[in-house]
Amino acid sequence: MTTDPAAAAVAAVTSTAPTPYLDLVAVTRPARQYKHELLSALCIGAGDRVLDVGCGPATDLAALAEEVGPTGRVIGIDQDPAMVATARARIAVYPNVEVRHADAHHLPLETAGIDRARVDRVLMHATDPAAVLAELHRVLRPGGLLALAEPDWDTLAIDHPDLETARAFTRYIAQRANRNQAIGRRLPRLTAQAGFTIRTVRNVAAVLSDFDTAETILGLRRNTDRAVAAGYLTPEAGRAWLDQLTGGETFFATASLITVLAAA
Ligand SMILES: C[S@@+](CC[C@H](N)C(=O)[O-])C[C@H]1O[C@@H](n2cnc3c(N)ncnc32)[C@H](O)[C@@H]1O
């Protein structure tokens, strides 16, 4: 069972079916907890104009719509047409929500027209996270709030009697499984460099205490195959690694999700 916030942090490392994967992660208790904390931190008021960059399949749009009420406006943005289509279908009942197909590096929004913005596990995929943050600073009004949540894959640790194999596996995740593996630790610096005033920085470390949850979130089997194919593990070490992890002994894995609240 997952016992700590932000297991979802351990984000889309390996999804082959993104929408079901994102849905599955979003309903875990840790994901609900950190998403709720981000929502509270934004202090959204009735009538606000709120932006969710990298909104995925509308994971958080309904909650934002409830916060802004009928006089407010929620804009979700995603670069993946399939995500946009799913999100639009899901938010069709909310007249105050729209989903746009766009790239976070070039937001199709006027300057200083947004009161609140959130970016949840998106900068880890961005080609230029600093440019995305600069765009967010441009579209937020002065004093408008930004909430960010990004993992730091170098913090992934999985208990195993063979520490060297565990290190080889996590080195594969840290070096090869995502574009911006260390975005979590860079978040405060990049956010400040974009012109924001940092309000809070938190580390909501996920604790995964059973294999099945870790498999859902981390894709342990799939990534072990990939780590073997990439030469990080021998086939024998890969088999022994998984045999041990699935063998019923106490399971423990952890990774950090860094959240930042900042004012434009
Ligand atoms: C890990 S998912 C998170 C989705 C959602 N924020 C959530 O919490 O469920 C990342 C999302 O960011 C989107 N994305 C990645 N890079 C993007 C970019 N440059 N511009 C817009 N969306 C982007 C992906 O298409 C995907 O839907």
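Shown above is the structure to which this text applies.
Parameters and conventions
- Residues numbered from 1 in each chain as written.
- Predicted model: local features only at pLDDT ≥ 70, side-chain atom pairs only at ≥ 80, totals over all residues.
- Heavy atoms only, no water.
- Helix = DSSP H or I, 4+ residues; strand = E, 2+ residues; numbered from the N terminus.
- Rg over C-alpha atoms; globule rule 2.2 N^0.38 Å.
- Contact = heavy atoms within 4.5 Å.
- Areas by Shrake-Rupley, 256 points an atom, 1.4 Å probe, with all protein chains shown as cover.
- Polar contact = N/O pair within 3.5 Å; in protein donor to acceptor, adjacent residues only side chain to side chain.
- Core = buried A, V, L, I, M, F, W, Y, C linked by side-chain atoms within 4.5 Å.
- Buried < 20%, exposed > 50% of the residue type's maximum accessible area, 1.4 Å probe, protein only.
- Axes fitted to C-alpha atoms, helices over the stretch in contact; angles between N-to-C directions.
- Parallel < 35°, antiparallel > 145°, perpendicular 65-115°, else oblique.
- Left-handed = near helix turned anticlockwise from the far one by under 90°.
- Phe/Tyr/Trp six-rings, centres within 6.5 Å; stacked < 30°, edge-to-face > 60°.
- Near = heavy atom within 4 Å.

**Student:** Quick rundown of the overall build of the protein? Include the residues and the values.
**Tutor:** Tallying secondary structure elements over the protein gives ten helices and eight strands in all. Taking 18 Å as the expected radius of gyration for a compact globule of 264 residues, we find that the protein reaches 19 Å, a close match to that expectation. Considered along the principal axes of its C-alpha atoms, the protein spans approximately 60 × 40 × 30 Å. The long-range share in the protein, meaning contacts at least 24 apart out of those at least 6 apart in sequence, stands at 78%. Summing over all exposed atoms, the protein offers an accessible surface of approximately 11100 Å²; the carbon and sulfur share of this is 53%.

**Student:** How would you summarise the side chain of D52 if you had to cite specific residues and measurements?
**Tutor:** Its location among the elements puts D52 in strand β1 (residues 49–53). Of the polar contacts made by the side chain of D52, one reaches the side chain of R118; its length is 3.2 Å. Beyond its immediate chain neighbours, meaning those up to four positions away, D52 contacts D60, L61, L64, I75, G76, I77 and R118.

**Student:** Any chance you could break down the nonpolar core for me, citing the residues and the numbers?
**Tutor:** If you look at the biggest cluster of nonpolar residues, it comprises 84 residues, and the most contacted ones within it are L51, L61, L136, L146, I158, L220 and F251. Top element by residues in this core is strand β5 (residues 140–158). It accounts for nine residues. The contacts of L146, once residues within four sequence positions are left out, are L42, A117, V119, L133, L136, L140, F196, V260, L261 and A262.

**Student:** Can you explain the packing of helix α5 (residues 129–139) against helix α7 (residues 183–193)? Please cite residues and give values.
**Tutor:** At a minimum axis separation of 11 Å, α5 and α7 run at an interaxial angle of 45 degrees. Our classification of the angle between α5 and α7 gives oblique. Seen from above, α5 lies across α7 with right-handed handedness. On α7, the residues touching P129, A130 and L133 of α5 are I183, L190 and T191.

**Student:** Mind laying out the packing of aromatic side chains, listing which residues take part and the relevant values?
**Tutor:** Pairs of aromatic rings are described using the distance from one ring centre to the other and the angle between the two planes. Per the counting criterion, the structure on display carries three aromatic pairs. Between the aromatic rings of F169 and W241, the centroid separation amounts to 5.0 Å while the plane-to-plane angle is 35 degrees, which identifies the pairing as tilted. Here the residue F169 occupies a position in helix α6 (residues 163–176), and W241 occupies one in helix α10 (residues 235–245), the gap between them amounting to 72 residues. Residue W241 is classed as buried on the basis of its relative accessible area of 0%. Here Y172 and Y232 contribute two aromatic rings whose centre-to-centre distance is 5.4 Å and whose plane-to-plane angle is 75 degrees, an arrangement assigned as edge-to-face. Separated by 60 residues along the polypeptide, Y172 in helix α6 and Y232 in the loop between α9 (220–229) and α10 bring together distant segments of the chain.

**Student:** With reference to specific residues and values, describe the site of the ligand.
**Tutor:** With respect to spatial proximity, 20 residues lie near the ligand, and among them K35, G54, T59, D78 and R121 are the closest. Interatomic distance of 2.8 Å between a backbone N/O atom of G54 and a nitrogen atom of the ligand. With respect to the ligand, the backbone of A104 contributes an N or O atom lying 2.8 Å from a nitrogen atom. Protein chains bury 95% of the 590 Å² of accessible surface belonging to the ligand in isolation.

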